Amino acid sequence: MHIEKNVCDSIIGTLLEIPGKNKDGIAARLDLLNMGVKTDLQPEYGERRTRLPPGPWNLSKAEKREVCNSFYGMKVSEGYSSNIKNLVSLQDSRLLGLKSHDYHTLMQQLLPVAIRSFLEKPARYAITRLCFFFNAICAKTVDVSKLDKLEEDVVVTLCLLEKYFPPSFFDIMVHLVVHLVREVRLCGPVYFRWMYPFERYMKVLKGYVQNRTRPEGCIAERYIAEEAVEFCTQHLSDVSTVGVPSSQKMGVSKPLSGCTNTEEVLPYIEQHMIHIKTAYPKFRKKTKWLQDKHNSTFIQWLRFKVQSELEEDNHGVSENLRWLAAGPNMAVPLYRSYLIKGIKFNIKAQDDVRTTQNSGVYLLAHTMQVASAKDKNPILSNMGFYGVIQEIWDLDYQKFTIPVFRCDWIDSSGLVVDELGFTLVDLSKIGHRNDQFVLASQVKQIFFVDDPMHRGWSVVLSMPNREYNDVIGDEVLGDVIIECEPFTRGMPNVDTFDELVGELGGQNIRGGCEDIWIE
């Protein structure tokens with residue numbers, strides 16, 4: 001983690017020319033002169049001051065301001081990182097007061113987004129490639145068969161950085177990046193060894209101190225008292241919590257899998273499809289029509305079907321299925337926030353007045369894909385949907401409750417995956433208005449960051465699933481390291497960078513950077 005922090009610090013310090021952290025300067029340019037390389041970047045001495053020609057790593061004042069504005073406008077999910085807005089100084093275009101975990105989030109996801117429209121393409125792709133390497137090496141699950149390829153890729157990445165960054169940038173910390181893959185091969189996933197959980201818990205322990213002359217005694221007493229209270233709470237039941245806002249629904253409701261699990265409902269779905277095909281023989285081969293008819297009539301059909309089975313002896317209808325078929329209470333409570341499995345979801349109106357963004361959701365569903373209204377050959381496959389929560393409903397089925405979200409889902413015309421694997425969405429293009437509800441237990445939380453390259457579009461990011469004590473249960477396995485979209489399903493295909501950088505070569509595309517003058 002400290003290698004990642006120091007490398008990120010060097011990159012940001014060099015790009016924004018932060019004093020004390022900038023790896024560029026007259027000494028770095030004299031190194032180029034002594035090495036006899038990049039003669040166009042050598043210092044030019046004048047009568048009163050020395051001019052340093054702009055290099056591939058230099059940003060103009062306007063570009064630095066845009067990068068800082070991009071960081072300043074980022075609203076991330078709660079618990080993802082510090083408030084990025086508090087770390088940005090717009091007056092002098094700098095990032096200040098970053099903690100080690102802030103560098104981690106910047107390097108993993110935020111930095112590649114902030115520099116998407118700046119720098120020369122080869123230099124920008126080299127930095128982005130390094131960021132994706134750290135994203136892969138810190139993944140919760142590591143595919144051992146891909147480690148050799150990942151090790152080769154990081155060597156190529158560092159070689160690309162040497163083409164576009166000054167020699168002074170490559171200190172021992174940058175060199176140690178080469179050995180990270182070997183460390184993973186010997187010791188396992190990185191998150192078992194990093195210090196973030198211990199650093200965060202140190203903040204808790206420091207909060208126990210009331211008498212600064214006896215800090216150890218304060219920590220010991222408060223820790224023992226907290227352990228005693230937690231032990232006592234295990235023997236209490238049916239006790240309401242204290243201090244929970246009324247706008248927030250705490251706890252975990254019974255998930256849908258407990259009442260409409262495939263073993264209970266799937267036979268009824270198959271029976272209903274057979275019933276539709278029998279009742280409408282002319283439409284037996286029209287898959288889309290059958291699916292639409294099934295969606296519109298299944299609930300009512302299930303209700304009568306379950307009622308008829310209940311009248312029989314030894315019907316075998318479960319209690320959950322009985323209440324589900326009866327339907328929920330018509331008085332539905334609405335919430336602005338809801339806590340599901342430790343993840344807090346907000347509605348869009350709640351996010352508008354907060355510094356965090358918890359209203360974005362992602363759903364991977366096995367659904368029918370239709371090219372157009374005239375498409376006669378629909379395809380059944382997995383499809384990703386991106387949306388924003390507008391309302392949170394808690395459906396009451398007497399014996400259990402089911403939280404559902406009413407979302408504005410992004411239409412397929414507002415969804416694009418670019419050449420580097422970034423998922424871009426246009427939040428103004430709303431579709432699927434006839435099917436806006438989704439189960440809270442089925443979605444994954446994401447957040448949207450304004451894309452500096454394409455105005456009006458947003459980049460989809462998500463909080464990595466790397467719980468310290470939760471090793472199994474990650475939905476994304478197998479080729480997550482290399483062959484998936486970044487940040488929503490993993491890391492993009494690294495070969496894409498080889499093709500792009502190979503096409504771009506070392507050509508200077510950007511231009512327009514201001515000169516640097518040293519008095």
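Check the entry above for the structure.
None of the values given here were measured: they were computed from a predicted structure. (Residues numbered from 1 in each chain as written. Predicted model: local features only at pLDDT ≥ 70, side-chain atom pairs only at ≥ 80, totals over all residues. Heavy atoms only, no water.)

(A) Expanded view of the overall build of the protein. Each helix and strand in the protein was counted, giving 15 helices and 18 strands. By residue count, 44% of the 519 residues in the protein fall in the buried class. For the protein, the share of sequence-separated contacts (at least 6 apart) that also reach a separation of at least 24 residues comes to 66%. About 28000 Å² of surface is accessible on the protein, with carbon and sulfur atoms providing 53% of the total. (Helix = DSSP H or I, 4+ residues; strand = E, 2+ residues; numbered from the N terminus. Buried < 20%, exposed > 50% of the residue type's maximum accessible area, 1.4 Å probe, protein only. Contact = heavy atoms within 4.5 Å. Areas by Shrake-Rupley, 256 points an atom, 1.4 Å probe, with all protein chains shown as cover.)

(B) Broad picture of the pairing of strand β11 (residues 401-410). With nine of 10 residues buried, β11 lies mostly within the body of the structure. Direction of pairing for β11 relative to strand β14 (residues 430-431): antiparallel, over a ladder of two bridges. Directly across from I410, in β14, lies its bridge partner I430. (Pairing = 2+ DSSP bridges.)

(C) Representation of unusual backbone geometry in the model. Phi is positive for S93, which is not a glycine, with a value near 55°. As for its placement among the helices and strands, S93 is situated in the loop between β3 (88-89) and β4 (94-95). The backbone phi angle of L119 is positive, close to 65°, even though this residue is not glycine. You can see L119 is positioned in the loop between α4 (100-114) and α5 (121-137).

(D) Local environment of the pairing of strand β8 (residues 343-346). When strand β7 (residues 337-340) meets β8, the two strands line up antiparallel, connected through four bridges. Note on β8: the bridge partner recorded for I340 is I343. Between β7 and β8, which pair antiparallel in sequence order, lie two residues; one of them, K341, sits at a positive phi of approximately 55°.

(E) Quick peek at the side chain of D24. Among the structural elements, D24 can be located in the loop between α1 (2-15) and α2 (26-35). Separated by 3.1 Å, the side chains of D24 and R29 make a polar contact. Looking at D24, its side chain comes within polar contact range of the side chain of W57, at 2.9 Å. (Polar contact = N/O pair within 3.5 Å; in protein donor to acceptor, adjacent residues only side chain to side chain.)

(F) Up close: the pattern of salt bridges. Overall, the coordinates contain 17 salt bridges when judged by the stated rule. A salt bridge links R29 to D24; its shortest N-O distance comes to 3.1 Å. Residue classification places R29 among the buried positions, given a relative accessible area of 0%. Its salt-bridge partner being D352, residue K348 comes within 2.8 Å of it at the nearest N-O pair. For D352, a relative accessible area of 49% corresponds to the partly exposed category. If you follow the salt bridges from partner to partner, you end up with E78, K344 and R354 in one network. (Salt bridge = Lys/Arg side-chain N within 4 Å of Asp/Glu carboxyl O.)

(G) How the structure looks around the environment of R354. Of note, R354 is situated in the loop between α14 (348-351) and β9 (360-369). Sequence-wise, R354 and K75 are 279 residues apart; in three dimensions their C-alpha atoms are separated by 9.0 Å.

(H) Representation of the packing of α5 against helix α6 (residues 147-164) in the model. The geometry of α5 relative to α6 is characterised by a closest axis approach of 9 Å and an angle of 150° between their N-to-C directions. By the angle class used here, α5 and α6 are roughly antiparallel. By crossing handedness, the relation of α5 to α6 is classed as left-handed. Within the contact between the two elements, α5 uses P122, A123, A126, I127, R129, L130, F133, A136 and I137 and α6 uses L150, D153, V154, V156, T157, L160, L161 and Y164. Here the residues of the contact of α5 with α6 are counted per class, giving 14 nonpolar, one polar and two charged. (Axes fitted to C-alpha atoms, helices over the stretch in contact; angles between N-to-C directions. Parallel < 35°, antiparallel > 145°, perpendicular 65-115°, else oblique. Left-handed = near helix turned anticlockwise from the far one by under 90°. Nonpolar A, V, L, I, M, F, W, Y, C, P; charged D, E, K, R; others polar.)

(I) Examining the packing of helix α3 (residues 61-72) against α4 more closely. Here α3 crosses α4 at 130°, and the two axes come no closer than 9 Å. Here α3 is positioned oblique relative to α4, judged by the angle of their axes. Between α3 and α4 the crossing geometry is right-handed. In contact with V67, S70 and F71 of α3, α4 contributes L106, L110, L111 and A114.

(J) Quick look at the nonpolar core. Grouped together as the largest cluster of nonpolar side chains are 72 residues, with contacts concentrated most on F71, I127 and I137. For this core, the secondary-structure elements that each account for two or more residues are α1, α3, α4, α5, α6, α8 (180-187), β16 (444-450) and β17 (458-462). A total of 11 residues in this core trace back to one element, the largest contributor, which is α5. The residues touching I137, leaving out its near neighbours within four places in the chain, are L150, L180, V181, V184 and V190. Judged by nonpolar contacts, the second largest core, of 17 residues, contains L363, C407, W409 and A440. (Core = buried A, V, L, I, M, F, W, Y, C linked by side-chain atoms within 4.5 Å.)

(K) Highlighting the side chain of E309. With respect to the helices and strands, E309 occurs in helix α12 (residues 287-310). The side chain of E309 sits in the buried core without any salt bridge; K305 is the nearest counter-charge, 4.3 Å away. Beyond its immediate sequence surroundings of up to four residues, E309 is in contact with Y268, H315 and V317. (Lys, Arg positive; Asp, Glu negative; His and termini not counted.)

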